[in-house]
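Summary of the model geometry
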Number of protein chains: 2
Amino acid sequence: MIVKDMETISISRCFGGTQGIYAHASAETRTRMRFSVFVPPQAEQGPVPVVWFLSGLTCTEENFTVKAGAQRMAAALGLMLVAPDTSPRGVDDGGETVPDDPEGAWDFGLGAGFYVDATEAPWARNYRMFSYISDELPQLIAGAFPADMNAQGIMGHSMGGHGALTIALRHPGRFRSVSAFAPIVSPLNCPWGEKALGGYLGPDRSRWRAHDAVALIEDGARCPHILVDQGMADGFVASQLKPDLLEAACNAAGQPLTLNRRDGYDHSYYFIASFMEDHLRWHAAALRD
Amino acid sequence: MIVKDMETISISRCFGGTQGIYAHASAETRTRMRFSVFVPPQAEQGPVPVVWFLSGLTCTEENFTVKAGAQRMAAALGLMLVAPDTSPRGVDDGGETVPDDPEGAWDFGLGAGFYVDATEAPWARNYRMFSYISDELPQLIAGAFPADMNAQGIMGHSMGGHGALTIALRHPGRFRSVSAFAPIVSPLNCPWGEKALGGYLGPDRSRWRAHDAVALIEDGARCPHILVDQGMADGFVASQLKPDLLEAACNAAGQPLTLNRRDGYDHSYYFIASFMEDHLRWHAAALRD
């Protein structure tokens, strides 16, 4: 299949499948966006289920791809893996440089799109990661790769765990499996979230609820049984991540949640890699039903 | 145990063990050297076998540590993994900056120590990676980590495959298992090797033979059964790596070798990760004997 203006940056055989990095011109962000796709060997026989991985603050499409060790189990289970970038970057199609945090902080702007469509200047022109991940990139994946779009799962880490949970809750019926590593569960209730949603969406906190997993569940949204792993030596757990808030909201609302608190594990990809097999098996079990 | 001037740069729980990055003052290189150690959970019960991984051109201790996906099987098999840096770096204990390739090339100087003790100026002052890997770092590991130094294996990639093979051949009886991914098998017979050994050891090619796996085997050195995996879509296979030379030398000398030619695989860590489990099982089988 032909996708307009998609470019292969690199492609390597990996566990019998192929690991590629691609770029395309995004209409949503008005920039060239990169993304990573692992195609498992089973795709030679026909379309395969797709698991999305949304990354955390400071990441590109590369971090998950090289550090998570996910391709081995994805190859064994026959899962395609798609990992997008976390923000627009560079110069856009109108010649404007994508704006960044005015002080160059790593928790806002480049590498920190927070999976929302910004409404505030100057962010609204390019920072449209919610629509990019929800609509534009899935259409591209469906057109250019052997993906069974009726069998999709989504997962993510930290800011990307927030993205996975909120995008799943906002698209009922689309994802058959949902999981997260050390997710930001409630941007309304943490400094990272307050800075990001305040900046991208403005000061009216009622508009933030559509991008807050806890608020979405409180407001009636539901998604498939959520699997969360949280390292208890993660320095951000008490100040930013607050898994207890998700647990309370799920308990109150009857949203199924399995929350594993992992003693001694931190916020790094060493933690993610340690439990990646569990998460991919979780997705595969739901996607095979 | 206390090791003088060793510093923990980072430590993370990983697959039930610990992945650390450490630094120490090296007497051999006169610089602070970093290295990576994965300690498997079995080390809580006593010393465990050690597998060394020597990295390729441009790498530090980090590449293997984050990209190879080795900790999972090392944890399952009870193996410690040690990954050193590939050259001295920075300013040394006499205030001299470690010299680099005069043109800044990536195949000589920083990140390209080639696992030799340089004899030529200005390299001889710091570029002592053969003695560093053979003597100084093993003493540090034996003193500071729960390592069974009577059960050591060694492996490496590309330039580090050259390092693993030559260091194993130069220390008969020390290593009970040897393997390599896409090794440079004969620096005497490839441009990378001619540049490196010519630079570090000078123009007398007879002195290079002690750092050339094929020449060492021809000259009578032996090591345990060697496992090599080589991707056949590796762009360096014909020009630099030349596995056929190793195969011919082993066949002629009766040195046991298993050489797996892997169709479609390139020179990247995606290739290494794909066959890491095979290599770690190979080492574990020999180290358990």
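Residues numbered from 1 in each chain as written. Chains lettered and ligands numbered in written order. Predicted model: local features only at pLDDT ≥ 70, side-chain atom pairs only at ≥ 80, totals over all residues. Heavy atoms only, no water.

The next point concerns unusual backbone geometry. The residue after A:Ala121, namely A:Pro122, is reached through a cis peptide bond having omega -5°. For A:Ala182, which is not glycine, the phi torsion reads 45° and is therefore positive. Mapped onto the elements of the fold, A:Ala182 is located in the loop between strand 7 (175–181) and helix 5 (191–201). With a phi close to 65°, B:Arg30 is a non-glycine residue in the positive phi region. (Helix = DSSP H or I, 4+ residues; strand = E, 2+ residues; numbered from the N terminus.)

With that settled, consider the UniProt feature "active site" (unreviewed entry) in chain A. Residues and elements named next belong to chain A. On the UniProt side, "active site" (unreviewed entry) is annotated at positions that read Ser158, Asp234 and His267 here. A maximum C-alpha distance of 10.8 Å is found for the annotated residues, which run over 110 residues; spatially they form one tight group. Structurally, Ser158 is set in the loop between strand 6 (147–157) and helix 4 (159–170). Filtering out sequence-adjacent residues up to four positions away, Ser158 remains in contact with Gly56, Phe181, Ala182, Pro183, Ile184, Trp192, Leu241 and His267. With respect to the helices and strands, Asp234 occurs in the loop between strand 8 (226–231) and helix 7 (237–241). Of the residues examined, Asp234 reaches a relative accessible area of 3% and is grouped as buried. When sequence neighbours within four positions are dropped, the list of residues in contact with Asp234 reads Ala182, Leu241, Tyr265, Asp266 and His267. Within the structure, the side chain of Asp234 is placed 3.2 Å from the side chain of Gln230, a separation counted as a polar contact. (UniProt positions renumbered as here; feature names shortened; annotations may be inferred. Contact = heavy atoms within 4.5 Å. Buried < 20%, exposed > 50% of the residue type's maximum accessible area, 1.4 Å probe, protein only. Polar contact = N/O pair within 3.5 Å; in protein donor to acceptor, adjacent residues only side chain to side chain.)

We now examine the packing of aromatic side chains. All names here are of chain B. The full count for this structure, using the stated rule, is 30 aromatic pairs over all chains. Geometrically, the ring pair formed by Trp192 and Phe236 is tilted, given 4.6 Å between the ring centres and 50° between the ring planes. Of the two residues, Trp192 sits in helix 5 (residues 191–201) while Phe236 sits in the loop between strand 8 (226–231) and helix 7 (237–241), which places them 44 residues apart along the sequence. By relative accessible area, which is 4% here, Trp192 ends up buried. Using a relative accessible area of 30% as the deciding quantity, one classes Phe236 as partly exposed. (Phe/Tyr/Trp six-rings, centres within 6.5 Å; stacked < 30°, edge-to-face > 60°.)

This paragraph deals with helix 8 (residues 243–253) of chain B. Residue and element names in this part refer to chain B. The complete set of buried residues in helix 8 reads Pro243, Leu246, Ala249 and Cys250. Along the axis of helix 8, the buried residues cluster in a sector spanning 125°; they form a single face. Facing away from the buried side of helix 8, by more than 90 degrees, are the exposed residues Asn251 and Ala252. Contacts from the buried residues of helix 8 go to helix 4 (159–170), helix 6 (213–218), strand 8, helix 7 and strand 9 (257–262). Downstream of helix 8 by a residue or two, Gly254 has a phi angle that is positive, lying close to 75°. (Arc of directions from axis to C-beta.)

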